Amino acid sequence: MQHETHSGHAHHRTHDHTHEQAHHHHAPAATWAMAAQATLHCLTGCAIGEVLGMVIGTWLGWGNAPTMALAIVLAFFFGYSLTLRGVLKAGVGFKAAVRVALAADTLSIAVMELIDNGVIALWPNAMDAHLGDTLFWGALAASLVIAFLATTPVNKWMIGRGKGHAVVHQYHH
């Protein structure tokens, strides 16, 4: 059996290097508009889950920790669900769509939830407010706005590297 010389493999290295360079050129231009749109998409799912979790926990008279935990779990659930719905609609199989949603949204939702819940936790008396209190709704709305503003640069950074919602864009028609 005859082995190829190293020079016989030279074209593989060139091809790999060229493919690598070409891959880097396909990363989308990360505009602030794209980042804001991705963040708004993330905010929609997070807000649905966050508000629902806070309302349910407050209505049931739960303490702050379980209410916040429920809100976070529901924010991730609804955030992933919105992305999953769009990717499945594009004809992607369920397992692959779940991987896309996890890759696209995990960091964005995590940052949004950290900021959102941090604002609510630090806002004086917000965690003790009831559903009928202006403070409950005002702090929740303000926390979501602040989370949006903090998460948009994260999404811009991710899109510019071909990550986050840049992954989802290939499934939009």
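No experiment lies behind these values; they were computed from the predicted model shown.

About the cut-offs
Residues numbered from 1 in each chain as written. Predicted model: local features only at pLDDT ≥ 70, side-chain atom pairs only at ≥ 80, totals over all residues. Heavy atoms only, no water. Helix = DSSP H or I, 4+ residues; strand = E, 2+ residues; numbered from the N terminus. Contact = heavy atoms within 4.5 Å. Buried < 20%, exposed > 50% of the residue type's maximum accessible area, 1.4 Å probe, protein only. UniProt positions renumbered as here; feature names shortened; annotations may be inferred. Patch = residues over 30% accessible without salt bridge, like charges linked within 9 Å, V, L, I, M, F, W, Y side chains within 5 Å. Areas by Shrake-Rupley, 256 points an atom, 1.4 Å probe, with all protein chains shown as cover. Salt bridge = Lys/Arg side-chain N within 4 Å of Asp/Glu carboxyl O. Axes fitted to C-alpha atoms, helices over the stretch in contact; angles between N-to-C directions. Left-handed = near helix turned anticlockwise from the far one by under 90°. Parallel < 35°, antiparallel > 145°, perpendicular 65-115°, else oblique. Nonpolar A, V, L, I, M, F, W, Y, C, P; charged D, E, K, R; others polar. Expected span 1.5 Å × (residues − 1).

## Examining the side chain of Thr151
Turning to its location among the elements, Thr151 is positioned in helix α5 (residues 134-160). Apart from the residues lying within four places of it in its own chain, the contact partners of Thr151 are Thr39, Ser108, Val111 and Met112.

## Focus on the environment of Gly162
With respect to the helices and strands, the residue Gly162 is situated in the loop between α5 and α6 (165-169). Of the residues examined, Gly162 reaches a relative accessible area of 31% and is grouped as partly exposed. Along the primary structure Gly162 and Ala29 are separated by 133 residues, whereas in three dimensions their C-alpha atoms are 9.0 Å apart.

## Let's talk about the UniProt feature "transmembrane region" (unreviewed entry) in the protein
Under the present numbering, the feature "transmembrane region" (unreviewed entry) in UniProt falls on residues 42-62, 68-88, 100-123 and 135-154. Secondary structure content for residues 68-88 is 100% helix and 0% strand, while the C-alpha to C-alpha distance between its ends is 30 Å. Regarding residues 100-123, the helix share stands at 96% and the strand share at 0%, and the terminal C-alpha atoms are separated by 35 Å.

## Description of a nonpolar patch on the surface
Side chains of Trp59, Leu60 and Trp62 sit close together on the surface and give an oily, nonpolar patch of about 390 Å² of accessible area. Tracing the chain through its elements places Trp59 in helix α2 (residues 32-59).

## Topic: the packing of helix α3 (residues 64-89) against helix α4 (residues 94-122)
One way to put it is that α3 packs onto α4 with a least axis distance of 8 Å and a crossing angle of 145°. Where α3 crosses over α4, the handedness of that crossing is right-handed.

## Notes on the packing of α2 against α4
For the pair α2 and α4, the least separation of the axes is 10 Å and the interaxial angle reads 45°. The orientation of α2 with respect to α4, classified from their angle, is oblique. Crossing angle aside, the handedness with which α2 passes α4 is right-handed. Across the interface between the two elements, Thr39, Cys42, Leu43, Cys46, Glu50 and Met54 of α2 pack against Ser108, Ile109, Met112, Glu113, Asp116, Asn117 and Ile120 of α4. Grouping the amino acids of the contact of α2 with α4 by side-chain chemistry returns seven nonpolar, three polar and three charged.

## As for α3
If you check α3, its first and last C-alpha atoms are 37 Å apart, about what 26 residues at 1.5 Å a residue would give, namely 38 Å. Immediately beyond the C-terminal end of α3, within one or two residues, lies Gly91, with a positive phi of roughly 95°.

## Quick notes on the environment of Tyr80
With respect to the secondary-structure elements, Tyr80 resides in helix α3. Take Tyr80: its relative accessible area is 18%, and that puts it in the buried class. Between the C-alpha atoms of Tyr80 and Ala104, which are 24 residues apart in sequence, the distance is 8.7 Å. If sequence neighbours within four positions are ignored, Tyr80 has contacts with Ala101, Leu102, Asp105, Thr106 and Ile109.

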